[in-house]
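The chain contents come next:
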Amino acid sequence: MRGKIRNYYAGGNTAKGFYNFYDSALEDLNKLYILKGGPGTGKSTLIKSIGEFIVNKGINIEYLHCSSDTKSVDGVIVPEFQIGIVDGTAPHVIEPKAPGVIEEYVNLGVAWNSKKLSVHKEAILSLNDEISRKFQTAYDTFSAALKAHDEIEEIYISNMDFQEANKLTDELNELFFSNDTVSKEPKIKHRFLGAATPSGAVDFIQNLTEDIEKRYFIKGRAGSGKSTMLKKIASVGESRGFDIEVYHCGFDPNSLDMVIIPEKSIAIFDSTAPHEYFPDRKNDEIIDMYERCITPGTDEKFSNEIERTTKSYKDKMKEAISYLAEVKVLRDQLEAIYIEAMDFSKVDQIQKEILKEIISIIE
């Protein structure tokens, strides 16, 4: 029987630049392989191959997906055995805590032909510069989109019943936790449930909640208090000793999109675009923040302003995604240069050595 695969992002292209939670994702590991090497050196393929081997042994794994390439992964974690493999190249450079004891550097650069690469030196430098510029342009455009989003929020915030929002939050905390406490140090994990990618917005809500018994779908508008409510729920859960999975917004990492309380088998998440879902299971429930906390008729009263700012926000998001798509084209060109200079039989050998060590830990 195959193990289960959980999918999420530990880093993302956001309005605050490249933002990551790798420290949180990797903090409990006793063994971490940090892969070094250029683009196209087989890091993602190695991670996936080992992940597939482990999951076929009936062991659960977690994939850390790449926000700049939907077909790539940046890491795999085996929670049961506290083992991880991660791409440790920019922009997610991993700082080891105990090199040689916990972390092992794995240099895939030993498999490339430097002479072949040196012929393409100017092209490599030029592509790297262009990639950096395009990423920065994407981040600047996401930042402009966030300003437009903030304008939408202001409309709803000015028509918000904060007392009612606090009351709703208190009701949910009472429902979720009652007087329950757990006498242990809680584990708090910070992640992204989705990301802005060259293909547009991608999320893993359905995968992350597939084993959760009770799911709460938060509906509402920008600025209707969804993220604030999630932060308060996470805080109460932590204070009671419960492990909490905190999923940040892939667009604005200061906001939250989902909280999972594994020991209660509860997930509560922002179920509005770009990750809009509707109940499809018996225990699913909707929480409507607009209906409960916003002055009736707000949508209609401010329809012109909302339409204008929403268009500006969507246009900027679309533009930023187009820059990520351009980065992907450039990275593919860069990868092609490295692939030509690689001896993948050496990478295969490195993969076998890592797998052998992992098997010795697992068995």
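Conventions used here
Residues numbered from 1 in each chain as written. Predicted model: local features only at pLDDT ≥ 70, side-chain atom pairs only at ≥ 80, totals over all residues. Heavy atoms only, no water. Helix = DSSP H or I, 4+ residues; strand = E, 2+ residues; numbered from the N terminus. Buried < 20%, exposed > 50% of the residue type's maximum accessible area, 1.4 Å probe, protein only. Polar contact = N/O pair within 3.5 Å; in protein donor to acceptor, adjacent residues only side chain to side chain. Contact = heavy atoms within 4.5 Å. Axes fitted to C-alpha atoms, helices over the stretch in contact; angles between N-to-C directions. Left-handed = near helix turned anticlockwise from the far one by under 90°. Nonpolar A, V, L, I, M, F, W, Y, C, P; charged D, E, K, R; others polar. Phe/Tyr/Trp six-rings, centres within 6.5 Å; stacked < 30°, edge-to-face > 60°. Parallel < 35°, antiparallel > 145°, perpendicular 65-115°, else oblique. Core = buried A, V, L, I, M, F, W, Y, C linked by side-chain atoms within 4.5 Å.

- As recorded in an unreviewed UniProt entry, the chain goes by ATPase and comes from Gottfriedia solisilvae.

### As for the side chain of K31
- Here K31 lies in strand 4 (residues 31–36).
- Relative accessible area serves as the criterion here: at 13%, K31 is assigned to the buried category.
- Within the structure, K31 has its side chain in polar contact with the side chain of E104 (distance 3.2 Å).
- For K31, the contacting residues outside a window of four places in its chain are Q82, I83, G84, V101, I102, E104, E357 and I361.

### A short note on the packing of helix 2 (residues 43–55) against helix 11 (residues 344–362)
- Direction vectors running N to C along helix 2 and helix 11 enclose 35°, while the axes themselves pass 10 Å from each other. Viewed along their axes, helix 2 and helix 11 form a crossing whose handedness is right-handed. Residues L46, S49, I50, F53 and I54 of helix 2 form the contact with helix 11, whose participating residues are V347, I350, Q351, I354, L355, I358, I359 and I362.
- Looking at the contact of helix 2 with helix 11 residue by residue, the classes come out as eleven nonpolar, two polar and no charged.

### Comments concerning the environment of G51
- With respect to the helices and strands, G51 occurs in helix 2.
- The spatial distance from the C-alpha of G51 to the C-alpha of Y63 is 8.1 Å, given a sequence separation of twelve residues.
- Ignoring sequence-local partners within four residues, the contact set of G51 consists of I61, Y63 and V76.

### Re the packing of aromatic side chains
- Inspection of every chain in the model, using the stated rule, returns twelve aromatic pairs.
- When the centroid spacing of 5.0 Å and the interplanar angle of 55° are considered together, the rings of F21 and F192 count as tilted. Residue F21 is located in the loop between strand 3 (17–20) and helix 1 (22–26), and its partner F192 is located in strand 9 (residues 188–192); the two are separated by 171 residues in the primary sequence.
- Classification of F21 by relative accessible area gives buried; the value is 11%.
- The exposure class of F192 is buried, given its relative accessible area of 1%.
- Every member of this aromatic cluster is reached through a ring pair, and the members are F176, F177, Y216 and F242.

### Re the packing of helix 4 (residues 121–157) against helix 10 (residues 303–340)
- Axis separation between helix 4 and helix 10 bottoms out at 8 Å; the angle between their running directions is 165°. Between helix 4 and helix 10, the angle falls in the class roughly antiparallel. Judged by the twist between their axes, the crossing of helix 4 over helix 10 is left-handed.
- In the contact of helix 4 with helix 10, the residues fall into 25 nonpolar, eight polar and nine charged.

### Description of the nonpolar core
- Grouped together as the largest cluster of nonpolar side chains are 59 residues, with contacts concentrated most on F142, F176, F251, I261 and I268.
- Top element by residues in this core is helix 4. It accounts for 13 residues.
- Discounting residues that sit within four places of it in the chain, I268 has contacts with L172, F176, Y216, I218, M229, L230, I233, D257, M258, V259 and I287.

### Remarks on the side chain of T209
- Assignment of secondary structure puts T209 in the loop between helix 6 (205–208) and strand 12 (214–219).
- Assessed through its relative accessible area of 0%, T209 is described here as buried.
- Setting aside residues no more than four positions away along its own chain, T209 makes contact with R215, M258, I260, A267, F269 and R281.

### Regarding unusual backbone geometry
- Following A90, the chain continues to P91 via a peptide bond in cis, the omega torsion being 10°.
- With respect to the helices and strands, the residue P91 is situated in the loop between strand 7 (83–87) and strand 8 (103–107).
- Note the cis peptide between A273 and P274, where omega equals 10°.
- Counting through the fold element by element, P274 comes out in the loop between strand 15 (266–270) and strand 16 (285–288).
- Here Q82, not a glycine, exhibits a phi torsion of approximately 55°, which is positive.
- The topology assignment puts Q82 in the loop between strand 6 (73–78) and strand 7.
- Not every positive phi belongs to a glycine, and S265 is a case in point at roughly 55°.
- Here S265 shows up in the loop between strand 14 (256–261) and strand 15.

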